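# Residue-level structure breakdown
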Amino acid sequence: MNILDLDHSLTAQEPIIRRLNSGQARRIDLLDLGPKLRLWSTERTYRHFTERLGQRPRHSGSKPEIFFVGSGDYHHLTPAFLGNLAEPVSLIHFDNHPDWVRFAPRRHCGSWVNRALQLANIQRIVTLGPCSEDLHNPQLRGGNLGALKHGKLQLFPWQHEPSRVWGQVGDGAGHQQQDKHLHWQNLAQVDWPAFLQGLIDSLPTEAVWITIDKDVLASEDAATNWDQGGMRLTHLLQAIRTLAARKRILGIDVCGEFAKPAFSNAFKRWEAKSDQPPAERWSQEDLLRNSVTNEALISLFEELFP
């Protein structure tokens, strides 16, 4: 298990400290790159990150490689984990945001899905759980409805009203178009075990990568830098367990810790202040939820992949 130390958020948590001390986890020191990578990155800094990542011991064996990454401000690092996979893969993406904005910088935490869609080995991305405002008038917000239209991207909100669109997007696995609106198959209303089985049956590959932003979870289960979704931790754990029972999991990355703002320039500070809820909304007691949730995730990984 790899602990990417970009922002101090992980190395302060007891479940992480215990695994680091026992040798069950490996810390990769990236604190010098953290502020430059946070929210978005230049190509030069991103290249430095991939070079440093490539210095870790080569992963081998049948167990998935696991990464804990820190704040959700670093979700755009996920494509770096996917680029060297040697077989076709389905990417299962848990998030309160679709991260599909086409107008943002290419290495941005809100646009990384578009980069992942361009990777030759990614056959499909399935995004599970958004509740955010990104689905209000998604075309005006830069959403990649083209990928949705062509089926390489599927999106299932946890709970969201119909989205206004212009033009013909058509029906998809997670939505139906009626006139000028996409009506979503909201996961909050489905039979969760049955939905998971149907989703897995429909995947085009045997191999799967799981990427998790914990802002997909309700605030009872996580406290992040972003607005929270509605999925509960029990749903997430059940989904991982079901995927592992039916598919070959190549890797898992987890972000969505809370990290105090630390950015490399004033524009990033302004962007974070504009887009994110105030950091002061969480108490120290609230932040302990992240440690509890990480313990549950890591314990499940240790059970499934001994």
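Residues numbered from 1 in each chain as written. Predicted model: local features only at pLDDT ≥ 70, side-chain atom pairs only at ≥ 80, totals over all residues. Heavy atoms only, no water.

Under the annotation held in an unreviewed UniProt entry, the protein chain carries the name Arginase and is attributed to Pseudomonas sessilinigenes.

## Quick word on the pattern of salt bridges
This is how it is decided: Each reported salt bridge corresponds to a side-chain nitrogen of Lys or Arg within 4 Å of a carboxyl oxygen of Asp or Glu. Where helices and strands are cited, they refer to DSSP runs of H or I of at least four residues and of E of at least two residues respectively, numbered from the N terminus.
The final tally for this structure, using the stated rule, is 17 salt bridges. The partner of Arg107 in a salt bridge is Glu43, with the nearest N and O atoms 3.2 Å apart. Taken together, the residues Arg107 in the loop between strand S4 (89–94) and helix H5 (112–117) and Glu43 in helix H3 (residues 43–53) connect sequence positions 64 residues apart. The network of salt bridges with shared partners includes Glu14, Arg18, Arg19, Glu295 and Glu302.

## Brief notes about the packing of aromatic side chains
How we decide: For Phe, Tyr and Trp, rings pair up if their centres lie within 6.5 Å, where Trp contributes its six-membered ring, and each pair is then called stacked (planes under 30 degrees apart), edge-to-face (over 60) or tilted (otherwise). To sort residues, take the accessible area from a 1.4 Å probe on protein chains only and compare it with the maximum for the residue type: under 20% means buried, over 50% means exposed, and anything in between is partly exposed. Only when the NZ of Lys or the CZ of Arg is both within 6 Å of the ring centre and within 35 degrees of the ring normal is a charge said to sit over the ring.
With the rule as written, the count across this model stands at ten aromatic pairs. Look at Phe156 and Phe195: their rings are 5.0 Å apart centre to centre, the planes differ by 70 degrees, and that puts the pair in the edge-to-face class. With Phe156 in strand S6 (residues 153–156) and Phe195 in helix H7 (residues 192–202), the pair connects residues that are 39 residues apart, well separated along the chain. Its relative accessible area of 4% is what places Phe156 among the buried residues. Members of the aromatic cluster, each reached through a chain of ring pairs, are Phe156, Trp158, Trp192 and Phe195. It is Arg107 that lies over the ring of Tyr46; its NZ or CZ is 3.8 Å from the centre.

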